[in-house]
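What follows is each chain in one-letter form.
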Amino acid sequence: GNSVTQMEGPVTLSEEAFLTINCTYTATGYPSLFWYVQYPGEGLQLLLKATKADDKGSNKGFEATYRKETTSFHLEKGSVQVSDSAVYFCALHRGGAGSYQLTFGKGTKLSVIP
Amino acid sequence: EAQVTQNPRYLITVTGKKLTVTCSQNMNHEYMSWYRQDPGLGLRQIYYSMNVEVTDKGDVPEGYKVSRKEKRNFPLILESPSPNQTSLYFCASSLSVSTDTQYFGPGTRLTVL
């Protein structure tokens, strides 16, 4: 079946540090890949997405590239801010007849300190 | 404003007492889904619905029921709640799950004593 593995947290960084959160997946075919962010006390929000190999999703300074050869979708940001403190979830969807399930990783908690 | 609403936001109940968590979206989305979020386990899908009267099991459907009689509403029903259903529940909707944004509700924190 489909699965998503993300790096264990929590991750603590100083403001303006470089961020990488690793995400790898297992799926047959060509899944769509997503990063969602959950700020404290809120629901999840889509951060970025990529629907085919070599696509780069980007939003709010975050980027992730869909690498089919390494089955990865790592999240990066060049300079984190305190306001980026949140839990980040990698997710995949593999469509097809009768298949509409979204599979999430376990989440990585990021804390950014001033 | 486009949104997904859930009620109640917080609920404390006792084992065996039937309860319903409501979910409603105002975006005319076809696809809706329920998830539970538990520490160390991330989000796991309970049930989803591709349209009115079309529902299917997710990864952890045991102990839950859903219905989709109207496009905008997707209630989650716990007929006989147990303590292992204590969790944070999220409803989500999207026009199409494959490439479109999923919009999440604010969450319902359920405690079953």
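Residues numbered from 1 in each chain as written. Chains lettered and ligands numbered in written order. Predicted model: local features only at pLDDT ≥ 70, side-chain atom pairs only at ≥ 80, totals over all residues. Heavy atoms only, no water.

## Some details on the overall build of chain B
Then, number 1: Regarding its fold elements, chain B presents zero helices and 11 strands.
Then, number 2: Along the chain direction, N to C, the helices and strands of chain B fall in the order β-β-β-β-β-β-β-β-β-β-β.
Then, number 3: Taken over the C-alpha trace, chain B has a radius of gyration of 13 Å; the compact-globule value for 113 residues is 13 Å, and the two agree within 12%.
Then, number 4: When the backbone C-alpha atoms are referred to their principal axes, chain B occupies close to 35 × 30 × 25 Å.
Then, number 5: In chain B, buried positions account for 49% of the 113 residues.
Then, number 6: Sequence separation of 24 or more characterises 53% of the internal contacts of chain B that already satisfy a separation of 6 or more.
Then, number 7: Accessible surface for chain B amounts to roughly 5,300 Å². Of this, 51% is attributable to carbon and sulfur atoms.
Then, number 8: Across chain B, the 12 positively charged side chains and the 10 negatively charged ones have centroids separated by 7 Å. (Helix = DSSP H or I, 4+ residues; strand = E, 2+ residues; numbered from the N terminus. Rg over C-alpha atoms; globule rule 2.2 N^0.38 Å. Buried < 20%, exposed > 50% of the residue type's maximum accessible area, 1.4 Å probe, protein only. Contact = heavy atoms within 4.5 Å. Areas by Shrake-Rupley, 256 points an atom, 1.4 Å probe, with all protein chains shown as cover. Lys, Arg positive; Asp, Glu negative; His and termini not counted. Charge placed at Lys NZ, Arg CZ, Asp CG, Glu CD.)

## Some remarks on the sheet that holds strand β8 (residues 62–65) of chain A
Residues and elements named next belong to chain A.
Then, number 1: Across the sheet, four strands lie side by side as β3-β9-β8-β7; this open sheet has antiparallel pairing. If you trace the sheet from one side to the other, it starts and ends with β3 (19–21) and β7 (56–59), each paired once. Mean inter-strand twist for the sheet, computed between neighbouring axes without regard to direction, equals 15°.
Then, number 2: Where β3 and strand β9 (residues 75–77) come together, three bridges link them in antiparallel fashion. Across the sheet, residue Leu 19 finds its bridge partner in β9, namely Lys 77. (Pairing = 2+ DSSP bridges. Axes fitted to C-alpha atoms, helices over the stretch in contact; angles between N-to-C directions.)

## What to know about the sheet that holds strand β3 (residues 19–25) of chain B
All names here are of chain B.
Then, number 1: One open sheet accounts for four strands, arranged β1-β3-β8-β7; its pairing is antiparallel. Each of the sheet's edge strands pairs with one partner strand only, and the pair in question is β1 (4–7) and β7 (65–66).
Then, number 2: Where β7 lies against strand β8 (residues 76–78), two bridges are found, and the strand directions are antiparallel. Residue Val 66 lies in a different strand from β8, and its bridge partner there is Leu 76.

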